[in-house]
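Spelled out, the chains give:
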Amino acid sequence: MASARRRPAARPAGRSRAREAYARVFGALRDHSRLFSEAIPLIASENIPSPAVREALLSDFGNRYAEGWPGERVYAGCEHIDRVEVECMGLARRLFRAGFADVRPTSGVVANLAIYSAFSDPGDVMIAPSIPAGGHISHGKREHAGTAGLVHGLDIEFYPFDADEMAIDVDATKKKVRALKAARRLPKIAMLGGSLFLFPHPVAELSGFFRSRKVHVNYDAAHVAGLIAGGKFQDPLREGADTMTLSTHKTLFGPQGGLVLGSKSHAEAIKRAVFPGLTSSHHIHHMAAKAVAFAEAIEFGRKYAAQVVSNARRLAEELSSQGLRVLGERRGFTESHQVAVDVWDHADGGAVERALERANIIVNRQLIPGDIRAGRNYMKPGGIRLGVSEVTRLGMRGGEMAEIARLIRSVIVDGADAARTRRAARELRKGHQRARYCFEGRRGAYDYVRLR
Ligand SMILES: *Cc1c(COP(=O)(O)O)cnc(C)c1O
């Protein structure tokens, strides 16, 4: 009661609690835009969309339902939505040279669930990379609350992994699969691709082996889709993968979303799994924004992907020459947008993540090979992961990578003053405020757009 009496006094007349919460939300949104316009964004799963993608996201499509397939919708009012969705599917098929594309999955996790649902039953076995070997929690075991185990009841086996090469061990995998078959536990699905993803996976080496045993091969390109589209990584559908799943927002230019690709023979099973199985609304505004992003990737994706890979390599080399322990050294550190650093000599990955965050350098801590054996968990892992997709979209090149490496070293090794590093980051960002590699981009990439 006392607090009820105090409440009006703490507030200007006429301002309700709800009005204040409302104002706080907008305050946080604006602060966030400013933070990201001044920071060095190195989260490997993030990117910055063009103003065109943001415009599509704000459209009225976001208020509509379009259940089903274009031309076979469950609701009226879908005439123009169908036009965009047909365009979107055509762009996706062209970008990835696929016979079939379902653009409706609302995320990469939903795209993976569509594959599990379409091509396996609960209780079946799936072989996938473990998390320290680069796997994603959506490929994970039930006891880790991984999507595959927890939601679809798959029984997960891990690929044997060679940490020196940062690669799936092909011979050991064949041996393991033969043993699984002898034990009547032949996998139904082989999942390739992952989240800590420095080098291409052995799709060509394993897909014939799996195909002859009727194991469905799915390649999870959530991280590397933009590099595949740009012709700068492997090409899983040509190397023998049956289907490919991805997120549209990591190295691609999209809004957050998912995509499933395959050949025409997979279409019916995937369509049924996505709707009605896994979606009701498929977030139509995101679908429209995906179409815009796919068009940008067809037009600008090759140049972008080449710069991303070159920037990642440069960042890794600079960090290594600054004395940091960069993974994958034997193979030239990286062939993707990512760089992984073992920081255990200095502090655990969580402490390093926080120190860099105070300096406005945004990265994530990362479980790396050997962590689990050493008794480390995801709160205090041995590594950090860096990605250059976003800084590359902002137009940064080799010189900026060298500067970023110096700033990272100064925080991790020298314990540099956070305020000084924040100033240096802001300075570095001054000339990098717009999304490049797009048709139109007059507005700043981080501009806060007020409609109220
Ligand atoms: C990020 C990621 C996903 C999940 O994608 P969302 O779009 O966040 O649902 C799936 N698989 C891999 C390998 C990923 O890295």
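Calculation notes
- All residue numbers refer to positions counted from 1 along the written sequence of the respective chain.
- Per-residue local features of the predicted model are confined to residues with pLDDT of at least 70, and side-chain atom pairs are confined, for both listing and counting, to 80 or more; whole-chain, interface and lining totals are unaffected and use all residues.
- As a convention, hydrogens and water are excluded, and side-chain values are obtained from all of the structure's heavy atoms.
- For this document, the term salt bridge refers to a Lys or Arg side-chain nitrogen within 4 Å of an Asp or Glu carboxyl oxygen.
- Helix and strand definitions follow DSSP, with helices as H or I runs of at least four residues and strands as E runs of at least two, each counted in order from the N terminus.
- Strands are treated as partners if at least two bridges between them are detected by DSSP.
- Here a residue counts as near a molecule or strand whenever at least one of its heavy atoms sits within 4 Å of it.
- Polar contacts, as used here, are pairs of N or O atoms within 3.5 Å; protein pairs need one atom able to donate a hydrogen and one able to accept it. Residues neighboring in sequence count only if both atoms are side-chain atoms.
- Shrake-Rupley sampling with a 1.4 Å probe provides the accessible areas, and residues are treated as covered by the protein chains on show and by no other component.
- When residues are sorted by character, Ala, Val, Leu, Ile, Met, Phe, Trp, Tyr, Cys and Pro go into the nonpolar class, Asp, Glu, Lys and Arg into the charged class, and all the rest, Gly among them, into the polar class.

## Topic: the pattern of salt bridges
At step 1: Evaluated as defined, the whole model comprises 24 salt bridges.
At step 2: Across the pair Arg 73 and Glu 85 runs a salt bridge whose closest N-O atoms are separated by 3.0 Å. One end of the pair, Arg 73, is in strand E3 (residues 72-73); the other, Glu 85, is in helix H4 (residues 79-96), with 12 residues separating them in the sequence.
At step 3: The partner of Glu 157 in a salt bridge is Lys 176, with the nearest N and O atoms 3.3 Å apart.

## Some remarks on the sheet that holds strand E14 (residues 338-342)
At step 1: Spatially, 4 strands are ordered E13-E14-E17-E16 in an open sheet, and the strand pairing comes out antiparallel. Edge positions in the open sheet fall to strand E13 (325-326) and strand E16 (364-366), since each of these has one partner strand only.
At step 2: Two strands pair when backbone bridges link them, and E14 and strand E17 (residues 383-387) are joined in this way by 5 bridges, in the antiparallel orientation. Looking across to E17, one finds that Gln 338 is bridged to Gly 387.

## A few points about the site of the ligand
At step 1: Near the ligand you find 14 residues, and of these Gly 108, Ser 195, Asp 220, Ser 247 and Lys 250 are the closest.
At step 2: At a separation of 2.8 Å, an oxygen atom of the ligand approaches a polar backbone atom of Gly 108.
At step 3: Separating a nitrogen atom of the ligand from a side-chain N or O atom of Asp 220 is a distance of 2.6 Å.
At step 4: Taken by itself the ligand offers 380 Å² of open surface, and the protein chains cover 87% of this.
At step 5: Here the element with the most residues in the shell around the ligand is helix H5 (residues 108-119); it accounts for 3 residues.
At step 6: Classifying every residue of the shell around the ligand gives 2 nonpolar, 10 polar and 2 charged.

Purely spatial values, then, with no claim about function.
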